[in-house]
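# Observations on the three-dimensional arrangement
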Amino acid sequence: GYDVIDYMAVNPDYGTLADLENLVAEAHKRKIRVILDFVPNHTSHYCPWFVEACKSAGSPYRDFYHFSQTAKPGWIAVPSGTTDWFYQGVFDRSMPDLNYGPAASCEQSGAFVALTDAAKFWVGKGVDGFRLDAVKHIYHSETSEENPRFLKMFYEDMNAYYKQKGHTDDFYMVGEVLSEYDKVAPYYKGLPALFEFSFWYRLEWGINNST
């Protein structure tokens, strides 16, 4: 489920868009909020953005991804179209990495605009938050300011849109940073919530060792 083809569709295994809308409505009646998993780092290689990007170096989607004519370590040959090029897919060849350009101006990139449009689509359906996957990999520099800066822009954009929809509380957003607490802490500059893996690892050790 982490190789997204269509950011504005429900996986048929889970039902239809109407099913989701009904779920959100019924949850809200019971004062239950609904958050969705959201993947900002990469898409599926079947995503129309990537398919179009591969066809031509002049494609409007070309800048959505990282391409190179040099065979860099770990980069993958483009499967069709511009086959003399390579693309970056850190997790897997089926998951090409999105390219937002410099973090300081990422909100101006086509990929950022497309991603936030998709996110706003779900906010418009009543969703109250996102769990963001693999946020330390959006920019491949875990300890730099780039990822927190990107996340701050994304969160503030979503929170403002959420409130435009009439909500008085804040949009919820939690990031997955699979690292120790000292590496996770700087990400609070960008997001209001993060997974605390270090705490769980220590708790698990304490339970297993009766300590």
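Just so we're clear, the structure is a prediction, and the values are computed from it rather than from any experiment.

## Description of the sheet that holds strand β3 (residues 76–77)
- An order of β2-β4-β3 is seen for the three strands of this open sheet, with the pairing classed as antiparallel. The open sheet is flanked by β2 (67–68) and β3, the only strands paired with a single partner.
- Sheet topology places β3 next to strand β4 (residues 86–87); two bridges connect them, and they run antiparallel. Bridged to I76 within β4 is Y87.

## Topic: the pattern of salt bridges
- Counted under the stated rule, the structure contains 15 salt bridges.
- Across the pair D169 and R33 runs a salt bridge whose closest N-O atoms are separated by 2.7 Å. Of the two residues, D169 sits in the loop between α4 (146–164) and β6 (172–175) while R33 sits in the loop between α1 (17–29) and β1 (35–38), which places them 136 residues apart along the sequence.
- In this structure D169 comes out as partly exposed when scored by relative accessible area, which is 24%.
- By relative accessible area, which is 57% here, R33 ends up exposed.
- Notably, a salt bridge pairs D157 with K120, separated by 3.5 Å at the nearest N-O pair. Remark: K120 occurs in helix α3 (residues 110–124) and D157 occurs in helix α4; sequence separation between them is 37 residues.
- When salt bridges that share partners are traced, they join D37, R131, D133 and E176 into one network.

## Focus: the nonpolar core
- If you look at the biggest cluster of nonpolar residues, it comprises 53 residues, and the most contacted ones within it are F38, Y100, F130 and F154.
- Those elements that provide at least two residues to this core are α1, β1, α2 (48–55), α3, β5 (129–132) and α4.
- In terms of residues, this core owes the most to one element, α3, which gives eight residues.
- The residues contacting F38, other than those within four sequence positions of it, are Y7, L115, A118, A119, W122, F130, R131, L132, D133 and F154.

## Points about the packing of α3 against α4
- Running from amino to carboxyl end, α3 crosses α4 at an angle of 35°, the nearest separation of the two axes being 10 Å. Crossing hand, α3 versus α4: right-handed. Together, F112, L115, T116, A119, K120, V123 and G124 of α3 and F150, M153, F154, D157, M158, Y161 and Y162 of α4 make up the contact between the two elements.
- Its residues assigned to classes, the contact of α3 with α4 comprises 10 nonpolar, two polar and two charged.

## Side note on the environment of A103
- Looking at the element boundaries, A103 is found in the loop between β4 and α3.
- Its relative accessible area of 6% is what places A103 among the buried residues.
- Measuring from C-alpha to C-alpha, the distance between A103 and E145 comes to 8.5 Å, with 42 residues separating the pair along the chain.

What counts, and at which threshold
- Residues numbered from 1 in each chain as written.
- Predicted model: local features only at pLDDT ≥ 70, side-chain atom pairs only at ≥ 80, totals over all residues.
- Heavy atoms only, no water.
- Pairing = 2+ DSSP bridges.
- Helix = DSSP H or I, 4+ residues; strand = E, 2+ residues; numbered from the N terminus.
- Salt bridge = Lys/Arg side-chain N within 4 Å of Asp/Glu carboxyl O.
- Buried < 20%, exposed > 50% of the residue type's maximum accessible area, 1.4 Å probe, protein only.
- Core = buried A, V, L, I, M, F, W, Y, C linked by side-chain atoms within 4.5 Å.
- Contact = heavy atoms within 4.5 Å.
- Axes fitted to C-alpha atoms, helices over the stretch in contact; angles between N-to-C directions.
- Left-handed = near helix turned anticlockwise from the far one by under 90°.
- Nonpolar A, V, L, I, M, F, W, Y, C, P; charged D, E, K, R; others polar.

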